[in-house]
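Listed here are the chains, written in short residue letters.
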Amino acid sequence: MQILKNTLTAIGLICVSGLFIFSMQKSPSEQKAPSDNTLGKEKPLINDYNVYALEMPEGINFAGEPVPVENPDIYERMDRELLVNTYWQSNGLLMFKRAQKYFPIIEPILKKNGVPDDFKYLAVIESGLVPTAKSPAGASGFWQIMKATGRENGLEVNTNVDERYNLEKATEVACKYLKKAKEKLGSWTAAAAAYNAGNAGISRRFKEQGVSDYYDLLLGEETGRYVFRIVALKEILSNPDRYGFNFNKNHLYKPVPTYKVEVDTAVTSFAKFAKRFGVNYKILKLHNPWLREKHLNNKSRKAYIIEIPKEGHYN
């Protein structure tokens, strides 16, 4: 017993001694790194990564319609999306990079159709600006359009050609849908929510709950976050410095200049077709993801427009 007692006492002294030594050491921010023989001077250890609470932006809005952040519930929901998307840094940087490449295509189509520019951020949350994005439910392309919706709005959707992956045509369809939703529901905010839940879904909830404003609705998780996510991406992508995103213009993805080739016949091999224009099959598909197979049937002799990269961009 005495041996055990002595051992425990020794262990206790060691622990106390260790604690005392630890307490005498400087914190990481106070410590200095070992001397760097190359530079001949000491370097401080610096932790320059910090996580900050965010100030709520003044005048925050979607398509000119105010987000009522004076309401505590709305404030918390908006704050959540700003925090989640600010501190998902890798995804944020990718959105900045891709936006430089695809927004110049989307913006003029929105403007031509009288749809507010803010809706380009809806495409960001729908697909992450990935041209070949596809949901488990089968929604596809930048605007995540379902097969039936695409066909109802004049897009060709089959195993050979799927124009939901054609950015210009899909943006036109999205504009058509959003304008109808705005006319039916009375606001661009409600129209954005309807893009997720459907016109009938939002109309039904307005009626059931006796309200007419998206921000007054009790909704499920996805639709309840939907508009806030759009607004958060708009705010962050419009103000990179405010949210700690650091990059130069040369870090952003650039659009590759292309020219258009009209095809009104069948194409038996796109690999051979691509070579005629100085590119390979992979590059042809990158610029025309709506071509879903290695050939084009085109029994109807429809005129298709195929994008070909200008010479020198893939050499």
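The structure contained in this document is the topic of the report that follows. (Residues numbered from 1 in each chain as written. Predicted model: local features only at pLDDT ≥ 70, side-chain atom pairs only at ≥ 80, totals over all residues. Heavy atoms only, no water.)

## Examining helix α4 (residues 120-127)
To keep things clear, this is the line we draw: For every residue, the accessible area (1.4 Å probe, protein chains only) is compared with the maximum for its type, and the residue is labelled buried under 20%, exposed over 50%, or partly exposed between those bounds. A run of H or I in DSSP becomes a helix once it reaches four residues, and a run of E becomes a strand once it reaches two; helices and strands are each numbered from the N terminus.
The buried fraction of α4 amounts to seven of the eight residues, a majority that puts the element mostly inside the structure. When α4 is considered as a whole, its buried residues turn out to be K120, Y121, L122, A123, V124, I125 and S127.

## Observations concerning the pattern of salt bridges
It is possible for side chains bearing opposite charge to pair when their charged atoms get close. Threshold: For this document, the term salt bridge refers to a Lys or Arg side-chain nitrogen within 4 Å of an Asp or Glu carboxyl oxygen.
Using the criterion set out here, one finds 15 salt bridges in the structure. The partner of K112 in a salt bridge is E172, with the nearest N and O atoms 2.5 Å apart. Here K112 is found in helix α3 (residues 89-112), whereas its partner E172 is found in helix α6 (residues 167-185), with 60 residues between them in sequence. With relative accessibility at 27%, the residue E172 sits in the partly exposed group. Residues E163 and K169 are paired through a salt bridge, measuring 2.8 Å at the closest nitrogen-oxygen approach. Taken together, the salt bridges that share partners define one network made up of R80, E81, E221 and R225.

## Quick look at the packing of α6 against helix α8 (residues 199-209)
Quick note on the threshold: Orientation is described by lines fitted to C-alpha atoms, with helices fitted over the stretch in contact, and by angles between N-to-C directions that extend from 0 to 180 degrees. The labels follow the angle: roughly parallel below 35 degrees, roughly antiparallel above 145, roughly perpendicular from 65 to 115, and oblique for the rest. Crossings are assigned a handedness: left-handed for a near helix turned anticlockwise from the far helix by less than a right angle, right-handed for a clockwise turn. Only heavy atoms matter for contacts: two residues are in contact if any of them lie within 4.5 Å across the pair. Amino acid classes used here: Ala, Val, Leu, Ile, Met, Phe, Trp, Tyr, Cys and Pro are nonpolar; Asp, Glu, Lys and Arg are charged; the rest, including Gly, are polar.
At a closest axis distance of 11 Å, the pairing of α6 and α8 adopts a crossing angle of 15°. If you check the angle between α6 and α8, you find them roughly parallel. Regarding α6 and α8, the two cross each other, and that crossing is right-handed. Between α6 and α8, the contacting residues are Y177, A181, K184 and L185 on the first element and N199, I202, S203 and F206 on the second. When the residues that make up the contact of α6 with α8 are grouped by side-chain class, the tally is five nonpolar, two polar and one charged.

## Thoughts on unusual backbone geometry
Apart from glycine, the bulk of residues carry a negative phi angle, and the bulk of peptide bonds sit in the trans form. The residue L129 is not glycine, and still its phi comes out positive at about 55°. If you trace the backbone, L129 turns up in the loop between α4 and α5 (147-152). Even without glycine at this site, R301 takes up a positive phi of about 60°. Structurally, R301 is set in the loop between α11 (281-287) and β4 (304-309). Relative accessible area serves as the criterion here: at 58%, R301 is assigned to the exposed category.

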